[in-house]
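Chain residues, written in single-letter form:
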Amino acid sequence: MKALLLENIHQSAVQALEAFGMDVEHVKGALDEEELIAALDGVDLLGIRSKTQVTRRVLEARPDLMAVGAFCIGTNQIDLQAATDTATAVFNAPYSNTRSVVELALAEIIGMARHLTDRSSELHRGEWNKSAKGSHEIRGRKLGIVGYGNIGSQLSVIAEAMGMQVYFYDIADRLALGNAHKCSSLQQLLETAEVISLHVDGREENTNLFGAEEFAMMRERALFLNLCRGFVVDLDALRDNLLSGHIAGAAVDVYPEEPKKNGEPFISVLQGIPNVILTPHIGGSTQEAQEDIGHFVSGKLIDYVRSGSTNMSVNMPELHVDSHVGHARLLHLHHNVPGVLAKVNGVLGTHEVNIERQQLSTRGDLGYVVTDTLAPLDRDLIDALLEMPETIRLATIG
């Protein structure tokens, strides 16, 4: 079997997949649609980060692709509906880099509150400007977190430990941690907090979530951070509010359009504005986070190939199955319509194959049944299952 890993995924993933016995091709940069289709010829597993777009055209052009591993938190770069339609499993790393993002956010809050980038630039120019004007501690300041998921909630706990008062807003009903205050609306949060940090997911509804209207609601001289998704913020509106002085500082790590690889030029309307920290999408880019992500996602991919486990898959019906396979294991992905399980078992019965163990799970339009049998599976049985109109993908182990 072959795996293609793009975007300089950590060597821990390469080592894990090779130790499993896979042929691994490791590429530093991202690929565009045409390049990706060509590169996937003969590939069973694909690994990407945030820049490679896995479109419906890519997935339909390569129907033998078993799974895609997103070695990051987000999966909006993958057409998940197309992945489901083609029975291509998708896995990600929802927790592995949360600490790295949180630490960067806190560092940037302190950096903006103390104007560290401005003071550093002045000294690099040979200008000595020792002054407390406009410089503040973060202790006692009100932090507003938009999106209280894995990253937002962890930021809440650590910021509170540093003496900040935490407020948050989320469209989901989230449990407040520590002494954090839950706001009933985004407007309430923006009117309350002195620092606003965005940590929302990549769903389409969050496009242009933050624009001129939202910046106008923020307190005068507030600080603003976006370390989640580039398309969430109207950067022209942010620039206007920075130049007017309504927003005192901003830290941005993600952008609507980003270079596909290192060395390519980067242009932003935020360049050159004082007290603005621009970083190249490095929120989760620490050695610790990338190594952990490499282990985690490659482990999920290996589990899927080795045992059929879809535990923590983004788009598949979830089944956590034992890695021990007896005589044979049948993995059957099918359209979720009534009677499929009976048909599968009918085929097994016709071919006089006893069932040792069987698990079934459904998710939306997709069903997944894993069957351990007490006898090998012959070609006629496999052909009979493939001929079922409900069958989308069929695999065997053992």
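What you see as residue numbers is a count from 1 along each chain, following the sequence as written. Owing to the predicted nature of the model, reporting of local features is limited to residues with pLDDT of at least 70; listing and counting of side-chain atom pairs is limited to 80 or more, with chain, interface and lining totals taken over all residues. Where side-chain values are given, they derive from all heavy atoms of the structure, hydrogens and water being excluded.

With respect to the overall build of the protein chain
Heads up, the rule is: Counting from the N terminus, the helices are DSSP H or I runs at least four residues long and the strands are E runs at least two residues long. Accessible area is worked out with a 1.4 Å probe on protein chains only. A residue is then buried under 20% of its type maximum, exposed over 50%, and partly exposed in between. Working rule for contacts: check all heavy atoms of both residues, and any pair within 4.5 Å makes them a contact.
Along the protein chain, the regular secondary structure elements total 13 helices and 16 strands. Along the first, second and third principal axes, the C-alpha atoms of the protein chain reach 85 × 45 × 30 Å. Buried positions account for 50% of the 398 residues belonging to the protein chain. Relative to all contacts within the protein chain whose residues are 6 or more apart in sequence, the contacts with residues 24 or more apart total 64%.

Digging into helix 12 (residues 340–350)
Note the cut-off: Each direction from the helix axis to a C-beta atom contributes to the arc, which is the arc of those directions.
Of all the positions in helix 12, only Val-340, Val-344, Val-347 and Leu-348 are classed as buried. An end-on view of helix 12 places all buried positions within 100° of arc, on one side of the element. For helix 12, the exposed residues lying more than 90 degrees away from the buried face are Ala-342 and Thr-350. Residues of helix 12 that are buried sit in contact with strand 13 (328–335), strand 14 (355–363), strand 15 (366–373) and helix 13 (379–386). Downstream of helix 12 by a residue or two, Glu-352 has a phi angle that is positive, lying close to 55°.

Concerning the sheet that holds strand 8 (residues 181–182)
Note the cut-off: Two strands qualify as a pair provided DSSP detects at least 2 bridges between them. With axes taken as lines fitted to C-alpha atoms, and helix axes fitted only over the stretch in contact, angles between N-to-C directions fall between 0 and 180 degrees.
An order of 8-7-6-9-10-11-12 is seen for the seven strands of this open sheet, with the pairing classed as parallel. Bordering the open sheet on either side are strand 8 and strand 12 (276–278), each of which pairs with just one other strand. Note that strand 6 (residues 142–146) and strand 9 (residues 195–198) share four bridges and pair parallel. Considered in strand 9, the bridge of Val-146 is made with Leu-198. Contacts between helix 5 (residues 98–113) and the sheet are confined to strand 6, strand 9, strand 10 (222–226), strand 11 (247–252) and strand 12, with strand 10 contributing the most and set at about 150° to the helix. Running over the sheet, helix 10 (residues 235–244) touches strand 10, strand 11 and strand 12 and is turned about 140° from strand 11.

Details of a nonpolar patch on the surface
So the rule is basically this: Residues forming no salt bridge and having over 30% relative accessible area are the ones grouped into patches, like charges within 9 Å of each other and nonpolar side chains (Val, Leu, Ile, Met, Phe, Trp, Tyr) within 5 Å. Areas reported as accessible are Shrake-Rupley estimates using a 1.4 Å probe. Residue values count occlusion only from the protein chains shown. Salt bridges are identified by distance alone: a Lys or Arg side-chain nitrogen within 4 Å of an Asp or Glu carboxyl oxygen.
The grouping of Val-157, Leu-175 and Leu-177 at the surface amounts to a nonpolar patch, some 270 Å² of accessible area in total. Secondary-structure assignment places Leu-175 in the loop between strand 7 (165–169) and strand 8.

Describing the packing of aromatic side chains
Applied cut-off: Any two of the Phe, Tyr and Trp rings considered here, Trp counted by its six-membered ring, make a pair once their centres fall within 6.5 Å; the pair's planes then place it as stacked at under 30 degrees, edge-to-face at over 60, or tilted in between.
Taken as a whole and judged by the stated rule, the model has six aromatic pairs. Geometrically, the ring pair formed by Phe-210 and Phe-224 is tilted, given 5.0 Å between the ring centres and 40° between the ring planes. Remark: Phe-224 occurs in strand 10 and Phe-210 occurs in the loop between strand 9 and helix 9 (212–217); sequence separation between them is 14 residues. An identical accessibility class is assigned to Phe-210 and Phe-224; each is buried. Ring centres of Phe-215 and Phe-224 lie 5.1 Å apart, and the angle between their planes is 65°; this geometry places the pair in the edge-to-face category.

Brief notes about the packing of helix 12 against helix 13
What counts is decided by this rule: Just so you know how the angles are binned, under 35 degrees is roughly parallel, over 145 roughly antiparallel, 65 to 115 roughly perpendicular, and the rest oblique. Should the near helix be turned anticlockwise from the far one by less than a right angle, the crossing is termed left-handed; should it be turned clockwise, right-handed. Think of it as three bins: nonpolar holds Ala, Val, Leu, Ile, Met, Phe, Trp, Tyr, Cys and Pro, charged holds Asp, Glu, Lys and Arg, and polar takes everything else, Gly as well.
Remark: helix 12 packs on helix 13, axes separated minimally by 10 Å, with the N-to-C direction vectors making an angle of 160°. Between helix 12 and helix 13, the angle falls in the class roughly antiparallel. Note that helix 12 runs across helix 13; the crossing there is right-handed. When helix 12 is examined against helix 13, the residues Val-344, Val-347 and Leu-348 are found in contact with a partner set consisting of Leu-381, Ala-384 and Leu-385. Looking at the contact of helix 12 with helix 13, its residues break down into six nonpolar, no polar and no charged.

A closer look at the nonpolar core
So the rule is basically this: In these notes, a set of buried Ala, Val, Leu, Ile, Met, Phe, Trp, Tyr and Cys residues joined through side-chain atoms within 4.5 Å is what counts as a nonpolar core.
Counting residues in each nonpolar core, the largest one holds 32 residues, and the members touching the most others are Leu-5, Leu-17, Leu-45, Phe-71 and Tyr-304. Sorting the residues of this core by element identifies strand 1 (2–5), helix 1 (11–19), strand 5 (89–91), helix 11 (287–307), strand 13 and strand 15 as the ones contributing at least two each. Broken down by element, the residue count for this core peaks at six residues, all from helix 11. The next biggest cluster of nonpolar side chains, apart from the first, holds 29 residues, and it includes Val-146, Cys-183, Phe-215 and Val-232.

Focus: the pattern of salt bridges
Evaluated as defined, the whole model comprises 20 salt bridges. Put simply, Arg-57 and Glu-33 hold a salt bridge, and the shortest N to O gap is 2.9 Å. On the criterion of sequence distance, the pair formed by Arg-57 in helix 3 (residues 56–61) and Glu-33 in helix 2 (residues 33–39) is long-range, its members being 24 residues apart. Judged by relative accessible area, Arg-57 falls into the partly exposed class, the value being 40%. Glu-390 is the salt-bridge partner of Lys-343, the closest N and O atoms lying 2.7 Å from each other. Placement of Lys-343 in helix 12 and of Glu-390 in the loop between helix 13 and strand 16 (391–397) is noted, with a sequence separation of 47 residues between them. When its relative accessible area of 40% is taken as the criterion, Lys-343 is described as partly exposed. The exposure class of Glu-390 is buried, given its relative accessible area of 11%. Three or more residues are tied together by salt bridges with common partners; here these are Asp-322, Arg-329, Arg-357 and Asp-372.

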